[in-house]
Amino acid sequence: METTDYCTIEETGHFISTYRHMTTLLVLGNINQFTFANSIIVANAKAEEMFEQALTNIFVVHSKDSYSKLKSNEDWVNHIEINGVDRELFVDKIIEITAKETSIKKFVDYVEFIFKGIPDDSNLIVDLTNGTSLQKNLLSIVSYILDIKNQYIIDVSKLFELTNERRFIPIDILLSCYTIVPDSTRLDSIAYLNLSEMVRYRKIIENHTNKYVAIDSDSSDQEFFKDNLGHSIQLKLQGDKSKDNAIYRIAASSISASVEDLIRLLVSKFILADSPDRVDRKTFGQKLKIIQAKIEKDAPSDFDVEFFSKFNDFILYLRNSSTHKGKLLTDVEKFKAELSVKMAFPFIEFYTDIVYPLLSSGELSREPKQIKKLSYTDIALEETLYYGLDGDDTGKILEELFLACSDEASFRKLSKDITNAISKIAKVVTDELGKNAIVFEAGDDLLFKGNLPEEKLLEMQAIYSQSTPGLTCSIGYGRSFQEVYLALKLAKTQPGKNAIVGIELC
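Please read these numbers as outputs of a predicted model, since none were measured by experiment. (Residues numbered from 1 in each chain as written. Predicted model: local features only at pLDDT ≥ 70, side-chain atom pairs only at ≥ 80, totals over all residues. Heavy atoms only, no water.)

Across the protein chain, pLDDT averages 82, with 87% of residues at or above 70. Contacts for the low-pLDDT stretch residues 190-194, under 50 throughout, to residues beyond four places or in other chains number 10 contacts. The model gives residues 273-277 a pLDDT under 50, and that stretch makes three contacts with residues more than four places away or in other chains. (pLDDT = per-residue confidence, 0-100. Contact = heavy atoms within 4.5 Å.)

Structure below.
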């Protein structure tokens, strides 16, 4: 007989034994005691059939209703014990599962608690028979993410064909109806790409594309930049699946085209704007050197020039060594090609988020212009303006919380209030100007384009104040990104802030 190692997991007042080889069931509660008992009994029988071991632990996620119903009538307890399942194996947890983030987090935290408490070589079954559709859906998604293969459900259609009984069902019938849920990970094999990875990359690509277009909406090629990044990732994932080293090289060559187009756009806009035909004649390395020389000349003293230089050299080497064909593609070359694809995204982020703003400020200082207040009488109805909205003193408020607060609740509430306020304002923008009006939305910042009367801007400020604990926000606007940037800075220097300022450079 196998020896038992005893340890304990404490949760909701229960202590359970864990065995050297455990067989654990994760199941949802049910207000119907018969269905609930049937699922427990058949899961136990399936465990004995697959693992030659009965269940050693049963974790139940209840709603308040299911816990109350099963507690008020425990006929089901007698039934499961007659069928060899001890009530002491149960660990009950009440979680009201809703679509709210706090509810989902609580559920995920509890599942994580379970997994941390059982040995790595444990057997695990997830039963999806019970619970509401929302509960089943969430449990199924978590099981997919955690790669739990043994997901089972009682096939009701098959059950009703075999028996008219609707109470406690004989085990032989239950076993014949206990069906394994299709392996969700097989969806990743559709076509040749990993769907979950593509969803993640699609969001990243969308974000990078928006920043790329914001540099110069006239000279940028949004469709090419976005589609080429997506195609490159598809190739990379195809290489992951087929283990074909040559496909990584193709992916590296493909993605380098988008990277080079970003650099071309920056060089054309800020360095060689007067002779754009000369830009395309330069190599990728030469374009990087042009930008690097400009940054080294004009960058602030705290900018890490050494990192910038080495980062450029590294990306250039990866790009050249990955895209220039050789006779053989060794594992090392495959690794470099794959790394080149992965590094393209932080490279794009570095140039759009750090280098581009430095070049923009350099462009302003190179050609000093006078700032003139922009009034609504100067704006034509058909003109497109850029508007920047930024919360006032958010950093100062956070500092006060750090010094005065002893718990996380205040931080979470502030974050939620600000996010909610920006979301409401963004909806006003899209309702008035269309879904493509939002250029950037993050934290307490919003950048959008269009043409709005001043009363709409005042309405946005009111929404921000009402959706937060009376906080204020400033709005700047102009005909270019440079103008909206300076206008917002000026707005935030006004007494009391909470200002609306428009400017034009002339």
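This next bit is on the sheet that holds strand E10 (residues 385-391). If you walk across this open sheet you meet the six strands as E9-E14-E13-E10-E12-E11, and the pairing is mixed. Of all strands in the sheet, those bounded by a partner on one side alone are strand E9 (371-373) and strand E11 (438-442). The mean angle between the axes of side-by-side strands here comes to 25°, regardless of whether they run parallel or antiparallel. Where E9 and strand E14 (residues 500-505) come together, three bridges link them in antiparallel fashion. In the sheet register, Lys373 faces E14, and the bridge partner there is Ile503. Of the strands in this sheet, E10, E11 and strand E12 (445-450) touch helix H15 (residues 409-433), which is tilted by about 5° from E12. Against the sheet, helix H16 (residues 454-467) touches E10, E12, strand E13 (473-478) and E14, its axis set at about 155° to E13. (Pairing = 2+ DSSP bridges. Helix = DSSP H or I, 4+ residues; strand = E, 2+ residues; numbered from the N terminus. Axes fitted to C-alpha atoms, helices over the stretch in contact; angles between N-to-C directions.)

Our focus in this paragraph is the sheet that holds strand E7 (residues 151-154). The strand order across the open sheet formed by six strands is E5-E4-E3-E6-E7-E8, and the pairing between neighbours is mixed. Pairing within the sheet leaves two strands with one partner each, and these edge strands are strand E5 (90-94) and strand E8 (178-180). Averaged over all pairs of adjacent strands, the angle between their axes in this sheet comes to 25°, without regard to strand direction. The pairing of strand E4 (residues 57-62) with E5 spans five bridges and is parallel. Within E5, the residue paired with Ile58 across the bridge is Phe90. Packed on one face of the sheet, helix H1 (residues 33-51) meets strand E3 (23-28), E4, E5, strand E6 (123-127), E7 and E8 and runs near 155° to E3. Against the sheet, helix H2 (residues 64-72) touches E4 and E5, its axis set at about 120° to E4.

What follows covers the pattern of salt bridges. Taken as a whole and judged by the stated rule, the model has 24 salt bridges. Close ionic contact of Arg87 with Asp92 constitutes a salt bridge, the shortest N to O distance being 3.1 Å. There is no split in this pair, since Arg87 and Asp92 are both buried. As a salt-bridge pair, Asp417 and Lys413 come within 2.8 Å of each other at their nearest N and O atoms. You can see Asp417 and its partner Lys413 sitting in helix H15, four residues apart, about one turn around the helix. Through salt bridges with shared partners, a single ionic network connects Lys236, Lys334, Glu338 and Lys342. (Salt bridge = Lys/Arg side-chain N within 4 Å of Asp/Glu carboxyl O. Buried < 20%, exposed > 50% of the residue type's maximum accessible area, 1.4 Å probe, protein only.)

Attention shifts here to helix H4 (residues 101-117). Given a rise of 1.5 Å per residue, 17 residues ought to cover 24 Å, and the 24 Å separating the end C-alpha atoms of H4 matches this to within 8%. Buried residues of H4: Ser103, Phe107, Tyr110, Val111 and Ile114, and no others. All buried residues of H4 project into a common sector of 95° when viewed along the axis, lining one side. The exposed residues of H4 that point more than 90 degrees off its buried face are Glu101, Thr102 and Lys116. (Expected span 1.5 Å × (residues − 1). Arc of directions from axis to C-beta.)

Between helix H14 (residues 394-404) and H15, the least distance of the axes is 10 Å, while the angle of their chain directions is 160°. Accordingly, the angle class assigned to the pair H14 and H15 is roughly antiparallel. Once H14 is placed against H15, the crossing between them reads as right-handed. Taken together, the residues of H15 that come into contact with H14 (itself represented by Thr394, Ile397, Leu398, Leu401 and Phe402) are Ser410, Phe411, Leu414 and Ile418. Across the contact of H14 with H15, the residue classes tally to seven nonpolar, two polar and no charged. (Parallel < 35°, antiparallel > 145°, perpendicular 65-115°, else oblique. Left-handed = near helix turned anticlockwise from the far one by under 90°. Nonpolar A, V, L, I, M, F, W, Y, C, P; charged D, E, K, R; others polar.)

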